[in-house]
Structure formats: structure tokens, C-alpha cells
Amino acid sequence: MTAPSRSDSQSEPGTSTEPMQGLAERLSPDLEAARNRISGRFGLVPSFFMMARDEPPIVDAMFGMVEFTYFDSPLPTLFKERLFTYVSRFCAVPYCMARHCAFLVGCGNVAGHPDVEGISVDEAVALLERPFPNAERRDEILAQLRAVEGELDQWPNPTSALADTILCAAAVVFVLPQEHEPLLAELERVLGSRRHNYLMLFLGFIRFAHFWTESHPQLRIEDDVEHLLGEQRALAKWVATYANRTEMEVTQAKAEILELERLRARTEKSERDVADLREEVATQMRAAQAAEAERRATASFMATVSHELRTPLNAVIGYTELLQSGLGGSLGDTALSYIARIKATAHHQQQIIEEILSFSRLDAGRESVRVEAVSLAELHDEVCAVIVPLAESRGLTFTANFIDAPAALTTDPGKLRQVLLNLLGNAVKFTRAGSVTLTVAGASDSIAFTVTDTGPGILAADRERIFEPFVQLDAGSTREVGGTGLGLAITKRLVGLLDGDISVDAKEGGGSTFVVSLPREKRSPAHA
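Criteria and cut-off values
Residues numbered from 1 in each chain as written. Predicted model: local features only at pLDDT ≥ 70, side-chain atom pairs only at ≥ 80, totals over all residues. Heavy atoms only, no water. Axes fitted to C-alpha atoms, helices over the stretch in contact; angles between N-to-C directions. Helix = DSSP H or I, 4+ residues; strand = E, 2+ residues; numbered from the N terminus. Parallel < 35°, antiparallel > 145°, perpendicular 65-115°, else oblique. Left-handed = near helix turned anticlockwise from the far one by under 90°. Contact = heavy atoms within 4.5 Å. Expected span 1.5 Å × (residues − 1). Buried < 20%, exposed > 50% of the residue type's maximum accessible area, 1.4 Å probe, protein only. Polar contact = N/O pair within 3.5 Å; in protein donor to acceptor, adjacent residues only side chain to side chain. Salt bridge = Lys/Arg side-chain N within 4 Å of Asp/Glu carboxyl O. Pairing = 2+ DSSP bridges. Patch = residues over 30% accessible without salt bridge, like charges linked within 9 Å, V, L, I, M, F, W, Y side chains within 5 Å. Areas by Shrake-Rupley, 256 points an atom, 1.4 Å probe, with all protein chains shown as cover.

(A) Structural view of the packing of helix H5 (residues 77-87) against helix H9 (residues 161-175). At their nearest, the axes of H5 and H9 sit 10 Å apart, and the two run at 40° to each other. Accordingly, the angle class assigned to the pair H5 and H9 is oblique. Where H5 crosses over H9, the handedness of that crossing is right-handed. Here Phe79, Arg82, Leu83, Tyr86 and Val87 of H5 lie close against H9, whose contacting residues are Ala163, Asp164, Ile166, Leu167, Ala170, Ala171 and Phe174.

In C-alpha cells:
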């Protein structure tokens, strides 16, 4: 194809072709001077300027803006023209894109520089056919710019991948500036403030050119562009159909951005939820740590106080025994009865202190389990030796029945003994008349220890509360028989250490049954 002449022998917009001499006669001197300046740089006079031909100051001001932001910008000449052509696809009027595509291939001076050679029409069509970067490509562009270390000391080679990345980035921030602030920031970092400012001015001029073109739809395509489109069918076809294509591209890009915003909003909400959850967990952990520290401090305090109380009690019991033995001289019956009461009271207080010490060890997690074989016959004798005298002193009948029980089981003997003595001691203590019975029955892999009494029973609502520390259901009877309300709490924790279960079945109005079920063999030692 032979490019049209670069003369300004073109018709005025909206008029038929007429000799240049006749047109010049109708132009004012000011407008003629502006026209000569425009022709000198462009190599022709684009219709873009002639829409304001009756206002020479407007034409002159417009061309001054073109010279500063377009012609004299330090950006590379072909970069400017290729970018102008590429983003002009998004102008609603074909004139803008067609005119700059013509500049790019050499129909007029390329970016106002007559010495710069244009590109081929095939290259121009390839540029126009390049899709607008989708979301994935925009992310790649951002990553490529971020990979550049520091500010460029010169513009990259026009044929390099980096130059192409900068062109695509500039196109994206032109079409979608508000949605791509990170991309804009990276362009400024890579190009430096001077080149970046010139690039922004150039993009601003393109936006002005689009607005001017769209506000003057009567702009006609000049003769050189008509000739170009007539000779190059591929370019003409693209110009005729580009509007729908670019509209779809921008719509898709905006839809992708909208979806990204939704994802970002969901991500931010998830991050806030996670942060709130972490704060809640941290608060709960701090509360748990504070509660654990308080619990341990309380247990330590209780152990210390109990120890300090037990020491003088041991002395009291020791002195009463010395007095009872006659080492302090002979005493009358009244004095001996007083000493016996003192000794009984001291033993009772000692038992309370032992319960507190035991509970504090369990609560602080300092109670260990020592597993060994336990003879049930020996256990029977030990329990009877303690409980029978207690039952007889209250006029109760105590019976120990071992039904199909094995000879032995594997557990902690001391803790099992304490569990049974606690349950049987409670039964004797709260039963005013009747009997207390211990029944031991074996199953295939477990043994059940059942303690039954004919005492006052327990209300259904209280059957879980009785295992809580310091709970005493009947204040009157408690004052009568004494106690701390720790016995059943200790018992339940000891049963748990032995990998067993404890349950209660107490009828309202009379009779209680506690059942402790333990494995025949406890294999793994545990700590409270």
C-alpha cells in the first residue's frame, strides 16, 4: 500500500472536498497560523482541531496542550503512539482509534516526530486485537512490576517484555484507574516521579481527546485514513466491529473487579471473624490460666493452713494420751471424761483437716496413682475393722457381702480403701436407725462396690449436687454429725483417677444406694 501524501489537502469536517486555496481565504490569520503550526508537527491537520475553527484561541490552546503532553513528552515516541492507539479502542467514536492507528502506521508524523518510522498495518491490527488484560493478566502485570528492583535509570528497550508490561499497566490504569491503585503505585516506583508524571499527563490528554471526540460525533475520518481503510481490509473490518468487542472487554473487566471486591469483602470479614475468635480464645485462655493460678494458690493455701492446724492438733492428741496413761498423775473420773472428749474432738478436727489436705492435693493435680494387686479378702477385713465399731456405736447393723467377687483386682489399694471408707462412713454418719450394707459383685471386666443404707435419702434435685465440694444438703444434720462437705467430692475424684464411675440412687424419704464400678485391671497410672 502507498501511504497518502502528508499534505493538508483534506476537507473540513462536515463539508465536501474543496480546493485548499478557497479554504485558506476563509480562515482568519490567527486560525491560519494555528493551522500551520498543527500541520508542521502532525504532517497534516486532523479534523480533531477543526471542530473549533471559529475559535482560534481554543484551537491554539488545544494544540499547546497537545505539544506539551503528547509531542514533547519524554516518553518514547512509538510507546506513546501505540498506547494512544490501544486505549482509543475504548472511545465510543471510531474516528479517535482510526486516526491514531493511521498515525501509528505513518499516515502523518508518528507522535509529532517526522523522523520516526511507523509500524506495519499487520502490527497495528495485532495491537488492536490484543485483549484487554483480564484479572489473571492484571495480577501478572502487577507481579512483574514488583519484581523490578528500584527505579529504572532509563526507559526499557521498546521491544522488551518490561516495556510491554508498562504499556499494559498504563492501559489498565487508564480504563480502570480507581480499581487499580496498587498498579498505579508500582508504575510510579518503577518509572520514577518525573516519567510517571509525564505518563499521567499523557493519559489525561488521551482522556480529554476521547471526551472531545465523543462530544463531537460529527467528526469525519480524513482522506488519508479513508484511503488506508480502503486499502487494508483487515484494519477496516476491525474498525467497523471494535465497539462491541471493547464494550464486552470492559464489562468483563468490571465484573471481575466486582467479584474480586466481593471476595475481598468476604476475606476481610473472615479475617475479622478469625481475629475476634482468636481474641475470644486468648481471653478464655487468660481466664483459664487465671482460674488455674487461683485454684492452685487456693489449694496451696489450704494445704499450708491444714498443715499448720494439724501440727498443734497432733500435740493436743499426744498430751491427752499422756494424761490418760497417768504420766501426769492420777485423775478423777470427771477429768478423764473431759480428756476423752478433748481427744475425740481433736480426732474429729484431724479428720476434717485430712479431708481438706486430700481435696487440695486432688484439686492441684498432685495426686498420683500407684497400681498393684489388691486382695479383696484383705480389703474386706480392713473395711470391717473400721466400720463395724462405728456402726455398733450408733446402734446400726453393718453387713459386707462379696457375691461372685474375684480374689483380687488391680488398682490403687489406698485410694480404693479411701473411697469405700468415705461412702460407708457417710452412710453410718447419716443413718439414725437400721443398717448399712456393702455388696461387692464381679462382672467380666469390672467390679461393682455397692453401699446401701436406711438413712433419710436424697431429693432427686440434689443427687448431682452432692458430689460438688463443700455441699451439705441438711444443715441441721450436718451440725449434728459434723463434716466439711468434701467427702463425696473427694470420692468422685478418686473414682475418676481409678478409671471408674460412681452413681447414686436415693429414694426420697428413706434409703440411699451408691454404686462404684471399677475396672478389674487399671493399666495406665493417672494424675489428678
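Now, onward.
(B) Geometry of helix H15 (residues 413-430). The end-to-end C-alpha distance of H15 is 26 Å, a good match for the 26 Å that 18 residues give at a rise of 1.5 Å each. Within the span of H15, buried status applies to Pro413, Lys415, Leu416, Val419, Leu420, Asn422, Leu423, Leu424, Asn426, Ala427 and Val428. Measuring from the side-chain oxygen of the N-cap residue of H15 to the backbone nitrogen of Gly414 gives 3.1 Å; that N-cap residue is Asp412.

(C) Seen up close, the pattern of salt bridges. Within this structure, the stated rule accounts for 14 salt bridges. A salt bridge links Arg189 to Glu186; the shortest N-O distance between them is 2.9 Å. Of the two residues, Arg189 and Glu186 both sit in helix H10 (residues 181-214), three residues apart, roughly one turn of that helix. Among the ionic pairs, Glu279 bridges to Arg286, the shortest N-O distance being 3.3 Å. Note on Arg286: relative accessible area 46%, which makes it partly exposed. One connected set of salt bridges, linked through shared partners, spans Arg37, Arg41, Asp60, Glu67 and Asp72.

(D) Structural detail: the sheet that holds strand S4 (residues 435-442). Spatially, five strands are ordered S2-S4-S5-S7-S6 in an open sheet, and the strand pairing comes out mixed. Single-partner strands in this sheet number two, and they are strand S2 (397-403) and strand S6 (501-506). Across the sheet, the mean angle separating the axes of adjacent strands is 15° when strand polarity is ignored. Note that S4 and strand S5 (residues 446-453) share seven bridges and pair antiparallel. Residue pairing for S5: Val440 is matched across the bridge by Phe449. Along the sheet face, helix H14 (residues 376-393) touches S2, S4 and S5 and points at about 165° away from the line of S2. Helix-sheet contacts for H15 involve S2, S4, S5, S6 and strand S7 (512-519), and the interaxial angle to S5 is about 20°.

(E) Structural context of a nonpolar patch on the surface. Taken together, Leu277, Val281 and Met285 make up a surface patch of nonpolar side chains, about 270 Å² in accessible area. By secondary structure assignment, the location of Met285 is in helix H12 (residues 233-325).

(F) Structural detail: helix H4 (residues 56-71). Listed in full, the buried residues belonging to H4 are Pro56, Val59, Met62, Phe63, Val66, Glu67, Thr69, Tyr70 and Phe71. Each element contacted by the buried residues of H4 is listed here: helix H2 (29-42), helix H3 (47-50), H5, helix H6 (94-105) and H10.

(G) Representation of unusual backbone geometry in the model. Although it is not a glycine, Ala111 sits at a positive phi angle of roughly 50°. Take Ala111: it is sitting in the loop between H6 and helix H7 (121-129). Within the chain, Asp499 stands out as a residue other than glycine whose phi angle is a positive 65°. Along the chain, the position of Asp499 falls in the loop between helix H17 (487-497) and S6. Look at Asp499 and you get partly exposed, because its relative accessible area is 41%.

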